[in-house]
Amino acid sequence: MFKNGKVTVQSFLDFIQKWDGSIYKKLEEHLLNHINKKHKKEPINILINWKNKLMGASFEWNDCQHKVLKKFLDKQYLTQKVVFYTVNLIDFKASILRNLPSKSQNGLLGKKVFQVGLGAVGGYIADSLIKIGAGIDDEFTIIDNDIFSVDNVGRHLLGMEYIGKSKSQAFKEYAKKQTFNQLKKLNTNFDNVSNYNFQYFVDNPMDLIVDTTGNIEVQEYLNELVQQIPLESRPNLLHLWIFGNGECVQGFWHDAKLQDHQGGCIQCLGTSANGLFESTLPIRNLDKEQRFGVCSAFTPYAVSGGMMASSLGINMILEWLETGMVKNNYQTRYNSEYQNEKINDMLIMANVNCPYCGEKYAKSI
């Protein structure tokens, strides 16, 4: 191809013709189609794949050329220099795999995930779940029935451009942009969790349900729903929430098979009537009305709250993927400014007051 130290359009076309006549014919058709569209002085970009190495070639083309490549009338375009450049394919799945720990090298690839809520916690963890494989090879379904408003911007993953859209629609648009439309299995629905009963999850088995609402009524509903699913197809259930005014974030991992054996569900921590039990409160000496995580009412906490909760949740999921379980199913992370008494991560087993695990508690004593 090189003549006088450079590659011209003429020498490049001659090389292609000698290298592969059939490819040359396709290139000829492409150039003729370009001429017929009357595009003047637009660059022709060609991608060459040689032994799994990609190289790009670009040169300018106009509509003055004769139909036969060997008989161009405009010599100016035949003598111009061809510009070459290296090309890297953007493969989102490959970028995910290279970052996953060796013990969970496939992450959530091949796992069916169902998420409830796309708020301050839900936006960050949905984005993080995608980055460990959710929605690439298997279904990732997210539901939320709220509209993204200007008040959400200060502590949400999404920004101003999505104001006025449903959070489900907005997140899907965001995720498509971030993954170059390579996220084929993401489903987002403007929907309420009450529209999903246990039969839905029997008909559409999931590996993991993630609850990011911080609403204790939703937590209890999902817990009740999961208990009705046959054990062999019962998904694991992860609850995440921000406690109080962001002093700490918490996660509870409901292991389906472990809970069936020894108990340990979200209602072993407390009830919607009384909040968390004293032994599980992350902040001591609270009034009854303060014993709940963040719910639908506005509470002032910074963007770090949603990010911390997401980080906690992803670490619990990776532990499950690496070891098959989460050793301490109740975990707490405090912000750096909180210096009072703290609780450690712990394993929650059956509580006598739990409507689902109370019998297991009785058997254990």
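- As annotated in an unreviewed UniProt entry, the protein chain is THIF-type NAD/FAD binding fold domain-containing protein from Neisseria bacilliformis ATCC BAA-1200.

1. What to know about the pairing of strand β1 (residues 42-50)
Then, number 1: Pairing of β1 with strand β2 (residues 53-61) involves nine bridges; the strand directions are antiparallel. Of the residues in β2, the one forming a bridge with Leu 47 is Gly 56.
Then, number 2: Between the antiparallel neighbours β1 and β2 lie two residues, among them Lys 51 with a positive phi of about 55°.

2. Section: the sheet that holds β2
Then, number 1: Taken in spatial order, the three strands make up an open sheet running β1-β2-β3, and their pairing is antiparallel. With partners counted over all chains shown, the strands left at the sheet margins are β1 and β3 (83-86), one partner each. Direction aside, the axes of adjacent strands within the sheet are offset by 25° on average.

3. Considerations on the side chain of Asn 223
Then, number 1: Counting through the fold element by element, Asn 223 comes out in helix α8 (residues 216-228).
Then, number 2: When its relative accessible area of 0% is taken as the criterion, Asn 223 is described as buried.
Then, number 3: Within the structure, the side chain of Asn 223 is placed 3.3 Å from the side chain of His 254, a separation counted as a polar contact.

4. Observations concerning the packing of helix α5 (residues 120-130) against helix α6 (residues 167-178)
Then, number 1: Where α5 meets α6, the closest approach of the two axes is 11 Å, and the angle between their N-to-C directions is 35°. Handedness of the crossing formed by α5 with α6: right-handed. Judged by residue contacts, Gly 123, Ala 126, Asp 127 and Ile 130 of α5 engage Phe 171, Tyr 174 and Ala 175 from α6.
Then, number 2: For the contact of α5 with α6, the residue count by class is five nonpolar, one polar and one charged.

5. What about the sheet that holds strand β6 (residues 186-190)?
Then, number 1: The strand order across the open sheet formed by seven strands is β6-β5-β4-β7-β8-β9-β12, and the pairing between neighbours is mixed. Two strands in the sheet have a free side with no partner beyond their single neighbour: β6 and β12 (330-334). Across the sheet, the axes of successive neighbouring strands diverge by a mean angle of 15°, strand direction being ignored.
Then, number 2: The pairing of strand β7 (residues 208-211) with strand β8 (residues 236-243) spans four bridges and is classified as parallel. By the bridge assignment for β8, Asp 211 is matched with His 239.
Then, number 3: Packed onto the sheet, α6 meets β5 (140-144) and β6 and runs at close to 155° relative to β6.

6. Some remarks on unusual backbone geometry
Peptide bonds are trans in most cases, and residues, glycine excluded, mostly fall at negative phi.
Then, number 1: Positive phi, normally seen in glycine, also occurs at Phe 180, with a value near 55°.
Then, number 2: Along the chain, Phe 180 falls in the loop between α6 and β6.
Then, number 3: Non-glycine residue Asn 181 carries a positive phi angle of around 60°.
Then, number 4: Checked against the element boundaries, Asn 181 lands in the loop between α6 and β6.

7. Some points on the pairing of strand β9 (residues 248-254)
Then, number 1: The buried count for β9 comes to seven of seven residues, which makes it a mostly enclosed element.
Then, number 2: Every second residue of β9 is oriented toward a common face, with Cys 248, Gln 250, Phe 252 and His 254 on one face and Val 249, Gly 251 and Trp 253 on the other, all of them buried.
Then, number 3: One ladder, built from seven bridges, connects β8 with β9; its direction is antiparallel. The partner of Ile 242 across the bridge, within β9, is Val 249.
Then, number 4: Hairpin geometry of β8 and β9 is characterised by an intervening segment of four residues between the two adjacent antiparallel strands and by a positive phi of about 60° at Gly 244.
Then, number 5: Bridge count for β9 against β12 is five bridges, and the pairing is antiparallel. Each bridged residue has a counterpart across the sheet, and for Gly 251 the counterpart in β12 is Gln 331.

8. With respect to the packing of aromatic side chains
Then, number 1: Enumeration according to the criterion identifies 11 aromatic pairs in this entry.
Then, number 2: Residues Phe 15 and Trp 19 carry aromatic rings whose centres are separated by 5.8 Å and whose planes lie at 35° to one another, so their mutual orientation is tilted. Here Phe 15 and its partner Trp 19 are both found in helix α1 (residues 9-19), four residues apart, which amounts to about one turn of the helix.
Then, number 3: Within the aromatic cluster, the residues linked to one another by ring pairs are Phe 114, Tyr 196, Tyr 200 and Phe 201.
Then, number 4: Sitting above the plane of the Tyr 301 ring, Arg 155 keeps its charged end 3.7 Å from the centroid.

9. Quick look at the pattern of salt bridges
Then, number 1: Under the criterion given, the structure shown has nine salt bridges.
Then, number 2: Of the charged contacts, one joins Asp 137 and Lys 93 as a salt bridge, the two residues approaching to 3.0 Å between their closest N and O atoms. Taken as a pair, Asp 137 in the loop between α5 and β5 and Lys 93 in helix α4 (residues 92-97) lie far apart in primary sequence, 44 residues in all.
Then, number 3: Assessed through its relative accessible area of 32%, Lys 93 is described here as partly exposed.
Then, number 4: Residue Lys 165 pairs with Glu 173 through a salt bridge whose shortest N-O separation is 2.6 Å.
Then, number 5: When its relative accessible area of 26% is taken as the criterion, Lys 165 is described as partly exposed.

Cut-offs used in this document
- Residues numbered from 1 in each chain as written.
- Predicted model: local features only at pLDDT ≥ 70, side-chain atom pairs only at ≥ 80, totals over all residues.
- Heavy atoms only, no water.
- Pairing = 2+ DSSP bridges.
- Helix = DSSP H or I, 4+ residues; strand = E, 2+ residues; numbered from the N terminus.
- Axes fitted to C-alpha atoms, helices over the stretch in contact; angles between N-to-C directions.
- Buried < 20%, exposed > 50% of the residue type's maximum accessible area, 1.4 Å probe, protein only.
- Polar contact = N/O pair within 3.5 Å; in protein donor to acceptor, adjacent residues only side chain to side chain.
- Left-handed = near helix turned anticlockwise from the far one by under 90°.
- Contact = heavy atoms within 4.5 Å.
- Nonpolar A, V, L, I, M, F, W, Y, C, P; charged D, E, K, R; others polar.
- Phe/Tyr/Trp six-rings, centres within 6.5 Å; stacked < 30°, edge-to-face > 60°.
- Lys NZ or Arg CZ within 6 Å of the ring centre and 35° of its normal.
- Salt bridge = Lys/Arg side-chain N within 4 Å of Asp/Glu carboxyl O.

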